[in-house]
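# Structural characterization, general
Residues per chain are reported as follows:
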Amino acid sequence: MIDFSKFLIIFKREYITRVTSKAYILTTLLAPLIFLAFFIIPVLVVLLTPDTQRSVAIVDETGTIAPRMIETDPDKYLHLPELTLEEVRERVTDGRLHGFVVVDEDVIAGTRTAELIYAGTGGVAFITEVRSALRNAIRDEKLDRAEVSPEVRQIMNERIALSTRVLTETGDEEQDTSALFVVGLLLGFVMYISMFVYGGIVMRGVIEEKTSRIVEVIVSSVRPFELLMGKVIGVGALAVTQFVFWALAIGGISLAATPIMLYFFGSRATEAAGGDTAAAVQAIESELPFTMPEIGIGLIIGFLGFFILGYLMYSALFAAVGSALESETENQQLTTVVSLPIIIPILFISPVSSDPDSTLALVLSLIPLFSPIIMPVRMAVMSVPAWEIGLSFVLMTLTFLGLIWLSARIYRVGILMYGKSASFKELAKWVRYS
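My aim in this report is to walk through the structure given alongside it, one point at a time. (Residues numbered from 1 in each chain as written. Predicted model: local features only at pLDDT ≥ 70, side-chain atom pairs only at ≥ 80, totals over all residues. Heavy atoms only, no water.)

### A few points about the overall build of the protein chain
To keep it simple, the criterion reads: Strands are runs of DSSP state E lasting at least 2 residues, helices are runs of H or I lasting at least 4, and numbering of each runs from the N terminus. Throughout, exposure labels follow a simple rule: accessible area from a 1.4 Å probe, protein chains only, divided by the maximum for the residue type, with under 20% read as buried, over 50% as exposed, and the rest as partly exposed. In short, Shrake-Rupley with a 1.4 Å probe defines the accessible areas, and a residue's cover is counted only from the protein chains shown.
When its secondary structure is counted, the protein chain shows 19 helices and 6 strands. Counting the 434 residues in the protein chain, one finds 40% classified as buried. Entry remark: accessible area of the protein chain is about 23,700 Å², with carbon and sulfur atoms responsible for 64%.

Following this line, the structure appears as structure tokens:
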């Protein structure tokens, strides 16, 4: 049986010494600030970047395309019929024009591809704008020549919107979570990195105590299993503390995103919107590179639950490996074997998030060592049946109990072994005879 008083001493030592470290505090505070930067920087770039006007000459041999393009943006597109082609080229060379496009009947008919000759500035956005304007002008010219009615033109320009809702087995309609595809990918990678980071903390702690011989003093009063559990759960509490703080901070930032944008850029946006604050808010939100999807509390709780069980499984293995090593650089075979179950699920994140209810996704999410990464991805993208989540938790719990038993037998012997790193054969002997 575990002596809980001694277990708590180890737990407090691992938790308090690390939670008060400068590195931990810095990384805990830095993550929400980076998240905040994702809101501020894109708007800052858009609002503070000067709008460079680039002029493009339309050498129009048909006399029909240039007027249409000029109508869309008179400041950008020019028609210079008094200049020869060579004179237009010279203006591009000396910087008075940014580029030119030659349009003839072959371009309208589609038998020749139009070319944009430009000075090399403006990038992809500039090329895309010219291509879109030219495409629309040629399309409208073709429609005029075909004498298409205004009604047909309107039908061709319509963009049909499609909203989706999920019909549950009880007949209720729920929000479609397929838009959380990106969130699922992000959760998978966060879980992947976390397993390595916090499992590595446990392994490095074991190696440091072993090489400094501090562990000899500790095990004189604490059983190795109590030491293992105190270390694993102490670092786990450290991770949960960090994730809870991040979740609260990022949630608060998400709610305050619009007021923050108005605080920094409100005057300019409101002025551009003619004094309409609501329009200013809408304009600012439209500048963001993404819209923050609504993440339910169930997904957050599920993520924490799978993280805790996943961490417990992998940290037990990392602690056992750490007790068998003399340093982090020795015997990469052992660390590779422990790392493979974390790496393999990453290869399946994309297909699982694309088809979360497939047989492959179900099987992978129920494999205990893969569940911490795969199941949160599925939960983000779809409504996973409760029995699948429950079964996954049960299998992970049973796996943790088996791994902690196995790791404790390795840890009991390895923590006091010095001189060289153990091989797989030696680990098997420790498990068998300890």
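After that view of the structure, there is still more to cover.
### A closer look at the pairing of strand β1 (residues 56–60)
It is a general feature of regular strands that their side chains alternate between the two faces of the sheet. Convention followed: The rule for pairing is simple: two strands pair if DSSP sees at least two bridges between them. Look down the strands so they point away from you; if going from the first strand over the helix to the second traces a clockwise path, that crossover is right-handed.
Within β1, 4 of the 5 residues are buried, leaving the element largely enclosed by the surrounding structure. Where β1 lies against strand β2 (residues 77–78), 2 bridges are found, and the strand directions are parallel. The residue of β2 that forms the bridge with V56 is Y77. Once you follow β1 into helix α3 (residues 65–72) and on to β2, the crossover reads as right-handed. Pairing geometry for β1 and strand β3 (residues 99–103), over 5 bridges, is parallel. Its bridge partner being in β3, V56 is matched across the sheet by G99.

### Remarks on the pairing of β3
Within β3, 5 of the 5 residues are buried, leaving the element largely enclosed by the surrounding structure. Here β3 shows no split at all, with G99, V101 and V103 on one side and F100 and V102 on the other all buried.

### Quick look at the packing of aromatic side chains
Counted only if it meets this: Ring pairs shown here join Phe, Tyr and Trp side chains whose ring centres sit within 6.5 Å, with only the six-membered ring taken for Trp; geometry is labelled stacked below 30 degrees between planes, edge-to-face above 60, and tilted in between.
For the structure on display, the rule yields 10 aromatic pairs. Relative to F307, the ring of F243 lies with its centre 4.7 Å away and its plane at 70°, an arrangement referred to as edge-to-face. A residue pair is termed long-range when its members are at least 10 positions apart, and F243 in helix α10 (residues 224–255) and F307 in helix α13 (residues 297–324) qualify at 64 residues. As far as burial versus exposure is concerned, F243 and F307 are alike and both buried. Within the aromatic cluster, the residues linked to one another by ring pairs are Y198, F243, W246, F303, F307 and Y311.

### A word on the side chain of R378
What counts, and what does not: Any N or O atom pair separated by 3.5 Å or less is treated as a polar contact, with the protein-specific requirement of one donor-capable and one acceptor-capable atom, and with residues adjacent in sequence counted only for side-chain atom pairs. Pairs of residues are marked as contacts when any of their non-hydrogen atoms sit within 4.5 Å.
Position of R378 among the secondary structure elements: in helix α17 (residues 371–381). Side chain to side chain, R378 and E388 meet in a polar contact 2.9 Å long. With sequence-adjacent residues up to four places away left out, R378 is seen in contact with V352, P356, D357, A361, L362, S365, V384 and E388.

### Remarks on the sheet that holds β3
Put simply, the test is: Think of each axis as a best-fit line through the C-alpha atoms, taken over the contacting stretch in the case of a helix, with angles from 0 to 180 degrees between the N-to-C directions.
In space, the 4 strands of this open sheet follow the order β2-β1-β3-β4, with mixed pairing throughout. Looking at strand neighbours, the two that pair on one side only are β2 and β4 (116–118), the edges of this open sheet. Direction of pairing for β3 relative to β4: antiparallel, over a ladder of 3 bridges. Each bridged residue has a counterpart across the sheet, and for V101 the counterpart in β4 is L116. Lying over the sheet, α3 contacts β1, β2 and β3, oriented at roughly 155° with respect to β1. Sitting on the sheet, helix α4 (residues 85–93) is in contact with β1, β3 and β4, with an inclination near 155° to β3.

### Some remarks on a negative patch on the surface
Counted only if it meets this: Residues with no salt bridge and a relative accessible area higher than 30% make up the patches, which join like charges within 9 Å and nonpolar side chains (Val, Leu, Ile, Met, Phe, Trp, Tyr) within 5 Å. Between Lys or Arg on one side and Asp or Glu on the other, a salt bridge is scored when a side-chain nitrogen of the former is within 4 Å of a carboxyl oxygen of the latter. Positive charge is attributed to Lys and Arg, negative charge to Asp and Glu, and no charge count is given to His or to the chain ends. For charged residues, the charge sits on one atom: NZ in Lys, CZ in Arg, CG in Asp, CD in Glu.
The grouping of E82, E86, E87 and E90 at the surface amounts to a negative patch. Here E87 is to be found in helix α4.

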